[in-house]
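# Overview (structure and organization)
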Amino acid sequence: MKRMILVALAAVLLAVPAAEAQKVNKTAIMAKLQKSDADIQDAKKNVKAATWVNRGKAYYEAAVAPTKDIFVGMEAMMLKMTMGEAQSVGEEVIAGVAYEAWSYPYVTIYLQGGKVATWTEKQVVFEDAGKVAFEAYKKAIEIDPKQAEKVKEGLKQLGNYYSQLGNTSLDAARYADAADGYIAAHEILSTPAVGEPQDGTLVYYAGYLRTMDGANNPESFVIGAKHLEDALAMNYADEEGNIYYYLFHCYYGQKAADKAFLMKAKEALLTGIEKFPKNDRILEGLMSLYTTEEGIGDPQDLVAMLDSQLAENPQNVDLWFGRGRLFYALKDYDKSIESFQKVAELKPDMYEGWFYLGLFYTLKGDQQNQVINDKQYTSQAAYDADLEAVNDIYRQAIPAFEKALEIRANDVDSLESLKALCFRLRDDAGMMDKYNKYNEAWKAAKGQ
């Protein structure tokens, strides 16, 4: 009996026709908006908080209408039952990622593995409906603070809509739209009526995304700089300090309009490196700026700046780390080695300190090896002496990499460096045995 019921039910389901392509009842929604417009023109209704709360709800409904029935992770079958048959189905590549694209009247939905991954809106019911809803809710609380709970509920819905817009736009590589979504969400969720102060994260991400968009749309550099400045004014900085690197790019992207932005770009990097001396991006940005832009400054100024800070705080591992990376950019490997010897001394359990120490010994050896290759020798003894001096540099790299390997077992980079060095020095006593050990460990770590 149970099986017969299930079979019958399946037959009923199969008999149900597929839903028609996405339906957004624009006529009904617009009627609500027009009624709201008329209500706020009415002298009696205009002064009632309920009028404005209802307006907020109506315009929120207009804003979310094209996407209210879909969500990330939605199964394809459920999508078809909810949205109906797509107008067309094809493939689309976004930022190097292939998607199955289902096109509907108001939205294109991108699927991966049979599930909704993201979407983009093709048209809206009413332009800037979300902004109108926001203003309506603010007006309602201004008229009657007793409407706080209703307004808070409406604003949180609106803020979540814009957060989702930011996320889906980011996944669809629409960086400017994503930035605008995050900014709107921040502004809405930061209002006293919501009572949930924001820490600047959304503003930072908006600035970062505008920086990315600036390569194709230079005006995004202007907007991105403003967002990043606002985030800093809110005392927000990401953990690594990349906010200063992105701010540098936003200023640098405006140099054609005003050369003063070059100095602003420089100041952003200098502020960043002072606070985050380990940040490679900031160091590389400074080196690039100082070596490509005439009159910006001498790279040795950066050395003087770090050394001045170290004179006041000689135990600061981050400063020594940054100093070592700076000299690496200048290809002064002796100074890099000196700096990372200090890093290893001050923080002997830090993997990066030992790894970079080994790396810079290796780079110094490579540098000297190139000198030998370029040199014309008339004496085998002189060549052998120079070669031994180079090999001695390589030998000093091995203990550093071995220490890094002790801290981070099975580290592929350390193992690869060790096997290469040991093979080079294979004529040294016991070095071939080391090569075999590290080569086998490297293969195991690589899954070979």
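Now for a look at the structure at hand.

So, how was this worked out
- Residues numbered from 1 in each chain as written.
- Predicted model: local features only at pLDDT ≥ 70, side-chain atom pairs only at ≥ 80, totals over all residues.
- Heavy atoms only, no water.
- Helix = DSSP H or I, 4+ residues; strand = E, 2+ residues; numbered from the N terminus.
- Buried < 20%, exposed > 50% of the residue type's maximum accessible area, 1.4 Å probe, protein only.
- Contact = heavy atoms within 4.5 Å.
- Areas by Shrake-Rupley, 256 points an atom, 1.4 Å probe, with all protein chains shown as cover.
- Lys, Arg positive; Asp, Glu negative; His and termini not counted.
- Charge placed at Lys NZ, Arg CZ, Asp CG, Glu CD.
- Expected span 1.5 Å × (residues − 1).
- Arc of directions from axis to C-beta.
- Pairing = 2+ DSSP bridges.
- Axes fitted to C-alpha atoms, helices over the stretch in contact; angles between N-to-C directions.
- Phe/Tyr/Trp six-rings, centres within 6.5 Å; stacked < 30°, edge-to-face > 60°.
- Lys NZ or Arg CZ within 6 Å of the ring centre and 35° of its normal.

Along the backbone of the protein chain there are 20 helices and four strands. Judged by the C-alpha coordinates and their principal axes, the protein chain covers about 100 × 70 × 40 Å. Expressed as a percentage of its 448 residues, the buried residues of the protein chain come to 43%. Contacts in the protein chain between residues at least 24 apart in sequence constitute 56% of all its contacts with a sequence separation of at least 6. For the protein chain, the exposed surface amounts to about 23,800 Å²; the carbon and sulfur share of it is 52%. Placing the 50 positive and 65 negative side-chain charges of the protein chain at their respective mean positions leaves the two points 8 Å apart.

Our next topic: helix α16 (residues 333-346). Helix length check: α16 (14 residues) gives 20 Å between terminal C-alpha atoms against 20 Å at 1.5 Å per residue, within 8%. Those residues of α16 that fall on the buried side of the exposure criterion are Tyr333, Ser336, Ile337, Ser339, Phe340, Val343 and Ala344. Considered in projection along α16, the buried side chains sweep an arc of 165° and stay on one side of the axis. As for α16, its buried residues are in contact with α15 (317-329) and α17 (351-374).

We now examine the sheet that holds strand β4 (residues 115-121). Taken together, four strands build an open sheet; the order of strands is β1-β2-β3-β4 and the sheet is antiparallel. Both outer strands of the open sheet, β1 (88-94) and β4, are each paired with one neighbouring strand and no more. Between one strand axis and the next, the sheet turns by 35° as a mean value, whatever way the strands run. Looking at chain direction, strand β3 (residues 107-112) and β4 are connected through six bridges and run antiparallel. For Val107, the partnering residue across the bridge sits in β4 and is Glu121.

Right, let's talk about unusual backbone geometry for a bit. Phi angles above zero are rare outside glycine, and Asn235 is one such case at about 65°. Inspection of the secondary structure assignment puts Asn235 in the loop between α10 (219-233) and α11 (242-252). The class of Asn235 is exposed, set by a relative accessible area of 74%. Despite not being glycine, Asn410 shows a phi value in the positive range, around 65°. When its relative accessible area of 54% is taken as the criterion, Asn410 is described as exposed.

Aromatic rings in a pair are described by how distant their centres are and how their planes are angled relative to each other. Summed over the entire model, instances satisfying the criterion amount to 23 aromatic pairs. With a centroid separation of 5.5 Å and an interplanar angle of 90°, the aromatic rings of Phe321 and Tyr356 are classed as edge-to-face. Of the two residues, Phe321 is situated in helix α15 and Tyr356 in helix α17; the sequence distance between them amounts to 35 residues. The same class applies to Phe321 and to Tyr356, which are both buried. Of the aromatic side chains, those joined through ring pairs into one cluster are Tyr204, Tyr205, Tyr208, Tyr236, Tyr245, Tyr246, Phe248 and Tyr252. Over the face of the ring belonging to Phe321 we find Lys278, whose NZ or CZ atom lies 4.9 Å from the ring centre. When the ring centre of Phe423 is taken as reference, the NZ or CZ atom of Arg426 above it lies at 4.2 Å.

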